[in-house]
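# Survey of secondary and tertiary structure
Listed here are the chains, written in short residue letters.
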Amino acid sequence: MATEPLRVTFAASEVAPYAKTGGLADVLGALPKALARLGVDVKVMLPRYQFIQAGQLLMGDLLVPFNFGLMTASVYQDWRDSVPIYLIDAPQYFARDGIYGSRDGEYGDNIERFGFFSRAVLELEKRLGPPPHVIHCHDWQTGLIPLYLQTAYRGDPYYARTATLFTIHNLAYQGLFDPGKLPKLGFGLDVYRTDGGIEFHQAASAMKAGLIASTAITTVSPTYAREIQTPEHGCKLDGLLRARRNDLIGILNGVDYEQWSPEVDPYIAKNYSMQNLEGKTECKVDLLKRFGLPLELDRPLIGSISRLVYQKGFDLVEQAAERMLQMNCAYVVLGSGETEIEQFFQWLRDRYPDRVGFYRGVNNELAHQIEAGADIFLMPSRYEPCGLNQMYSLKYGTLPLVRGTGGLDDSVIDFDRLTQTGNGFKFYEYDAERLLEKFYEALLTYADPEMWRKLMLNAMSADFSWERSAREYLNVYRQLKARYDTAGLA
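Attention here is on the structure that accompanies the text.

Let us look at the pattern of salt bridges. Tallied over the full model, the rule gives 30 salt bridges. For Asp247, the salt bridge is made with Arg483, and the minimal N-O distance between the two is 3.2 Å. Taken as a pair, Asp247 in the loop between helix 8 (238-243) and strand 14 (248-250) and Arg483 in helix 17 (residues 466-489) lie far apart in primary sequence, 236 residues in all. Across the pair Asp315 and Arg382 runs a salt bridge whose closest N-O atoms are separated by 2.9 Å. With Asp315 in helix 10 (residues 314-325) and Arg382 in the loop between strand 18 (376-379) and helix 13 (389-395), this residue pair connects regions lying 67 residues apart in the sequence. Residue Arg382 is classed as partly exposed on the basis of its relative accessible area, which comes to 37%. The structure contains a network of salt bridges with shared partners spanning Lys33, Asp81, Asp256 and Glu258.

Applying the stated criterion across every chain, the model contains zero disulfides. Cysteine Cys137 remains unbridged, with the sulfur of Cys386 as its closest cysteine sulfur at 20 Å. Note on Cys137: relative accessible area 0%, which makes it buried. We note that Cys329 lacks a disulfide partner, and the nearest cysteine sulfur, in Cys283, lies 20 Å from it.

This brings us to the pairing of strand 19 (residues 399-403). Across the five residues of strand 19, five count as buried, placing the element largely inside the fold. Of the two faces of strand 19, the one lined by Leu399, Leu401 and Arg403 and the one lined by Pro400 and Val402 are each fully buried. When strand 18 meets strand 19, the two strands line up parallel, connected through four bridges. By the bridge assignment, Phe377 is partnered in strand 19 with Pro400. Sheet analysis places strand 19 next to strand 20 (residues 425-427), joined by three bridges and oriented parallel. Counterpart to Leu401 in the pairing with strand 20 is Phe425.

When you line up the elements, Ser118 lands in helix 3 (residues 110-128). For Ser118, a relative accessible area of 0% translates into the label buried. Within polar-contact distance, the side chain of Ser118 engages the backbone oxygen of Gln141 at 3.4 Å. Contacts of Ser118, omitting those with residues within four sequence positions, involve Gln141, Thr142, Leu144, Ile145 and Tyr148.

Below, the discussion takes up the packing of helix 10 against helix 15 (residues 432-446). At their nearest, the axes of helix 10 and helix 15 sit 9 Å apart, and the two run at 40° to each other. What the angle tells us is that helix 10 and helix 15 run oblique. As helix 10 packs across helix 15, the resulting crossing turns out to be right-handed. Together, Leu316, Gln319, Ala320, Arg323 and Met324 of helix 10 and Ala432, Glu433, Leu435, Leu436 and Phe439 of helix 15 make up the contact between the two elements. Along the lines of polarity and charge, the residues of the contact of helix 10 with helix 15 split into seven nonpolar, one polar and two charged.

Reading guide: rules and limits
- Residues numbered from 1 in each chain as written.
- Predicted model: local features only at pLDDT ≥ 70, side-chain atom pairs only at ≥ 80, totals over all residues.
- Heavy atoms only, no water.
- Salt bridge = Lys/Arg side-chain N within 4 Å of Asp/Glu carboxyl O.
- Helix = DSSP H or I, 4+ residues; strand = E, 2+ residues; numbered from the N terminus.
- Buried < 20%, exposed > 50% of the residue type's maximum accessible area, 1.4 Å probe, protein only.
- Disulfide = S-S within 2.5 Å.
- Pairing = 2+ DSSP bridges.
- Polar contact = N/O pair within 3.5 Å; in protein donor to acceptor, adjacent residues only side chain to side chain.
- Contact = heavy atoms within 4.5 Å.
- Axes fitted to C-alpha atoms, helices over the stretch in contact; angles between N-to-C directions.
- Parallel < 35°, antiparallel > 145°, perpendicular 65-115°, else oblique.
- Left-handed = near helix turned anticlockwise from the far one by under 90°.
- Nonpolar A, V, L, I, M, F, W, Y, C, P; charged D, E, K, R; others polar.

Here it is, written out as structure tokens:
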């Protein structure tokens, strides 16, 4: 008798390539594919934002209990590498230019938008066939799904064997809202209580809903799983996370090497590999040209690709940048975010036009070119749940210089000049002087071409493929399914 396939549904606010603001979308674009290759029956659900044109209309009559009545949504279906993608279309919530907001700030009804999406996921699931064994929720935008299953769907036999896994991608974004909106979302006010409820400092928290109501919790690196149980990194939820520590697992994100590898990258000037590194020089030339910088190839080239927010360590960069540039290096930056940081990089570009390049915005092609053309990738984050760019950089032989926190600590091993082991440069104390010390060490290594080549090869040999991470998630799903089977619910 054939074994029943494990059925897993992903629900998220971002999935690459449909909608992306950061690493969450990359995870949702890659992990389901990797699980499908392992035999999991996986599907993905996300909102059909105004800018998404993909998919064929599957149904136009999905009824969703919401806002004191029934609302109707349409559902479109698309496919990515044999994985079905379901796009939930509700123009009153998703026919907008942005995912979460505009340049003026976040949309004021985000909790309603993603509350509706969460409820629609559960209604759509019932239209598609057998129930999932696991609904895998991601960040606060889907934090209400486990709470709906505990309340509105508590006695629903369809979901009797369905577990929920809630993944924290960034604990700092918590989906706080006015508890007066709970009835509109379909909850009784009883869920808003200080003991075991979703109350969070006089607000309701969708993040907390996911943390208290899910069957289990994961986060995106082992170190971050430990860090968020401390007051320093726990965003005032550390006590709850310590209470659930037996259900909290850290799994390091992976890299989609079909998208991020210098051997196959279609966006870079010349492909290269560990066996033939010559193409990296051509990529450096191309990158310098794109930013209008002098073609001085002996000068180390630093790159950063990031949301320009202080979480990413840009206060340290502001303190250290001029001294770094005075050490005969160049620096190119791609990103957008807080106005003060954007203004700093524009000022730095104007002050050092032959040393600094700055592109404000998002540009996927340029991101690939920076990974391939830079010598050093700078990522000195205050905290970093996982981070992906440092792992991309390793594959491209672009040596990461990072602060040892979260996934940066798990993926970057500080280079030891004596044993010539390690794959990058890492400091721990959140201080600009420590950053500069590590930068000087990187420059000393760069000045020794043979040693630098050895470090590049160390970095490029690291394996952070999604298959490794997917197998860890598969083990978690199996454990969750087993809880229900052994409870007599099979």
